[in-house]
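A structural walkthrough
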Amino acid sequence: MKSGSPLTRRAEIIGWGMCVPKQVVTNEDLAQTLDTSDDWIRSRTGIAQRRIAGDHESSAQMAIEAARSALQVADANPREIDLIIVGTTTPDHTFPSTACQVQGALGAVRAGAFDLSAACSGFVYALATAHQAIASGEHDLVLVIGVDCLSRRLNWQDRSTCVLFGDGAGAVLLRAGEGPAGVLATVLGADGSGGDVLIIPAGGCAAPLTPEVLEQNLHTIHMNGQEVYRFATRVLPTATEQVTKKAGLALDEVDVIVPHQANLRIVEMASRRLKVPMERFVINIEEYGNTSAGSIPIALCEAIEQGRIAPGSNVVMVGFGAGLTWGAVAIKWSVPPEEAISPRYRNWWRWLLYRWASMRGGWLRTTRNATVWLIRRTTQRDRYPRNLD
């Protein structure tokens, strides 16, 4: 039986972590191959550089590293996680899900796991879903990750899109609590009529990859920038107002707003419409660009490190993205950053658990293959399709 009444339970953030690729690509780097400049990009977006995944970096790899950091901060046992939700539109594979890859790498043997696709709103959607899973009484410990590797889905000759995006991941660990802290309210929204405004036209069932598709770059991001800007400048302040009101707060009681890092001008417009000073917004787009589902949790982690979020702080996270989708979450913070330190022996214990998880996965795969081979040998017929190997 899960602890606490569903009527009083809140989802409380107790751990956080982030991971970004090592490779830094500056505006000057892009200007060497594109008709652009550092001033052109900065003046229109606020971006100076972005992190781009290398050959051995991927959505799953970054998600795993961010998750391990969150578990270390919380000093949590991966085997006690009930559910893993990964917000992403760039999974390593169509299946298995990135969440299942994370589950296996962490040794979270009790956890269910699934991916959630809401583009740049993915982390907020995943966080709202995790909150409901905890508030309902079904789960006590939920891991939420936002990650994207959109550099693999860019046309690097299209300066209207390739200058905007970077890669990265952020994670939070949520625990059931019954105090005043935790998720206070959530707001989610969508407008499917705007699906063509920001879209990857091909690569799915409707338009499989073909030589013609690749030649026309239909497997990369296509965006109507003006429409996205109008949409974002409308829903960002509106969702912020809605979730604040739903949480029973006034805007001047919100200490920190963590917006999706898509474009600095969008945040500045929201600041003016909300009549909230820019100092209360967390901005890191200059360093990372738009990391899609990773942008809000990465910004949250940096705000915590900078001491901008303390126990009792009211925090609003608000995102928007393709779909079209948008969402916001209001949280009352509880964990002092200085308390988020795991004893060294616990870190070693988790390291050993991760090694065990890796060996366990390899052993199970070997055992399954050996079992299929043995059945075929002993029955002298192909009872199992060969594509199950």
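These figures come from a predicted structure and were not determined experimentally.

Examining the overall build of the chain
Per the secondary structure count, the chain includes 12 helices and 13 strands. Radius of gyration (C-alpha) of the chain: 22 Å, near the 21 Å computed for a compact globule of 389 residues. The principal-axis extents of the C-alpha atoms in the chain amount to approximately 75 × 55 × 40 Å. Here the chain, with 389 residues, has 53% of them falling under the buried criterion. Of the contacts formed within the chain by residues at least 6 apart in sequence, a portion of 78% connects residues at least 24 apart. Averaging the positions of the 38 positive and the 39 negative side-chain charges in the chain gives two centres separated by 7 Å.

Section: a nonpolar patch on the surface
Nonpolar side chains collect at one region of the surface, where V109, W356 and M359 lie side by side and expose about 300 Å² of accessible area between them. Note on placement: M359 falls in helix α12 (residues 344–379).

Some remarks on the side chain of T161
One can find T161 in helix α6 (residues 159–162). T161 gets classed as buried once you look at its relative accessible area, which sits at 1%. For T161, the residues in contact, after removing those within four places along its chain, are L154, N155, I221 and M223.

Considering the sheet that holds strand β1 (residues 10–19)
Remark on secondary structure: sheet strands pair via backbone hydrogen bonds, oriented parallel or antiparallel. Taken in spatial order, the 5 strands make up an open sheet running β1-β7-β6-β4-β5, and their pairing is mixed. Here the strands that pair on one side only, and so sit at the sheet edges, are β1 and β5 (112–116). The average angle at which neighbouring strand axes cross in this sheet is 20 degrees, direction not considered. Direction of pairing for β1 relative to strand β7 (residues 167–177): antiparallel, over a ladder of 9 bridges. Within β7, the position partnered with C19 by the bridge is A169. In the packing of helix α4 (residues 98–106) onto the sheet, the strands contacted are β4 (83–87), β5 and β6 (141–149), and the crossing angle to β5 comes to about 145 degrees. Helix α5 (residues 122–135) rests against β1, β4, β5, β6 and β7 of the sheet, and its axis sits at about 170 degrees to β6.

A closer look at the layout of surface pockets
A volume near 960 Å³ is recorded for the largest pocket. T89, T90, P91, R153 and I200 are the residues nearest the centre of the largest pocket, which is lined by 33 residues in total. A breakdown of the residues in the lining of the largest pocket according to their chemical character gives 17 nonpolar, 12 polar and 4 charged. Considering the residues around the second largest pocket, the lining is formed by 25 residues, among which S160, L164, M223, G225 and N263 are closest to the centre. Of all the secondary structure elements, the ones that give two or more residues to the lining of the second largest pocket are α2 (38–45), α6, α8 (225–246), α9 (264–274) and β12 (314–321). Element by element, the count of residues in the lining of the second largest pocket is highest for α8, at 5 residues. Its residues placed into classes, the lining of the second largest pocket shows 14 nonpolar, 8 polar and 3 charged.

Describing the side chain of D38
Along the chain, D38 turns up in helix α2. Separated by 2.8 Å, the side chains of D38 and N27 make a polar contact. When neighbours within four sequence positions are excluded, D38 is seen to be in contact with N27 and E28.

A closer look at the packing of aromatic side chains
Counted under the stated rule, the structure contains 3 aromatic pairs. When the centroid spacing of 5.6 Å and the interplanar angle of 50 degrees are considered together, the rings of W16 and W333 count as tilted. Highlighted residues: W16 in strand β1 and W333 in the loop between β13 (325–332) and α12, separated in sequence by 317 residues. Residue class for W333 comes out buried when judged on its relative accessible area of 2%. Ring pairs connect the aromatic residues F231, F320 and W326, which therefore count as one cluster. A cation over an aromatic ring shows up here: R159 above the ring of W40, its NZ or CZ 4.1 Å from the ring centre. Directly above the aromatic system of Y229 lies the positively charged group of R265, at a separation of 5.6 Å from the ring centroid.

So, how was this worked out
Just so you know, the residues in each chain are numbered from 1, in the order the chain's sequence is written. Given that the model is predicted, a residue must reach a pLDDT of at least 70 before its local features are reported, and side-chain atom pairs must reach 80 or more before they are shown or counted; all residues, however, enter totals for whole chains, interfaces and linings. Values reported for side chains reflect all heavy atoms of the structure, with hydrogen atoms and water molecules removed beforehand. In this text, helices come from DSSP runs of H or I with a minimum length of four residues, and strands from runs of E with a minimum of two, each type numbered from the N-terminal end. Within these notes, the globule rule equals 2.2 Å times the number of residues to the 0.38 power, and the radius of gyration is based on C-alpha atoms. Only protein chains enter the accessibility calculation, which uses a 1.4 Å probe; a residue whose area is less than 20% of its type maximum is buried, one above 50% is exposed, and one in between is partly exposed. Residue contacts are counted whenever heavy atoms from the two residues lie within 4.5 Å of one another. Charge assignment: positive for Lys and Arg, negative for Asp and Glu; neither His nor the chain ends contribute. Where a charge sits is defined by one atom per residue type, namely NZ (Lys), CZ (Arg), CG (Asp) or CD (Glu). Think of a patch as exposed residues, more than 30% relative accessible area, with no salt bridge, where like charges cluster within 9 Å and nonpolar side chains (Val, Leu, Ile, Met, Phe, Trp, Tyr) cluster within 5 Å. Using the Shrake-Rupley algorithm and a 1.4 Å probe, accessible areas are obtained, with residue cover drawn only from the displayed protein chains. Put simply, a salt bridge is a Lys or Arg side-chain nitrogen that is within 4 Å of an Asp or Glu carboxyl oxygen. Only strands joined by at least two bridges in the DSSP assignment are considered to pair. A fitted line through C-alpha atoms serves as each axis, taken over the contacting stretch for helices, and the angle formed by two N-to-C directions is quoted from 0 to 180°. As defined here, a cavity is a set of points on a 1 Å grid over the protein atoms alone where a 1.4 Å probe fits but cannot get out. A pocket is an open set with protein on both sides within 12 Å along at least five of seven lines, and residues line them when an atom is within 4 Å of a point. Grid points are joined across faces, edges and corners, and a volume is the space filled by probe spheres set on the points. Note on residue classes: Ala, Val, Leu, Ile, Met, Phe, Trp, Tyr, Cys and Pro are nonpolar, Asp, Glu, Lys and Arg are charged, and everything else, Gly too, is polar. Polar contacts, as used here, are pairs of N or O atoms within 3.5 Å; protein pairs need one atom able to donate a hydrogen and one able to accept it. Residues neighboring in sequence count only if both atoms are side-chain atoms. A pair of aromatic rings is counted whenever rings of Phe, Tyr or Trp (Trp by its six-membered ring) have centres within 6.5 Å, and the orientation is called stacked for planes under 30 degrees apart, edge-to-face for over 60 and tilted otherwise. Counting as a charge over the ring demands two things of the Lys NZ or Arg CZ atom: a distance within 6 Å of the ring centre and an angle within 35 degrees of the ring normal.

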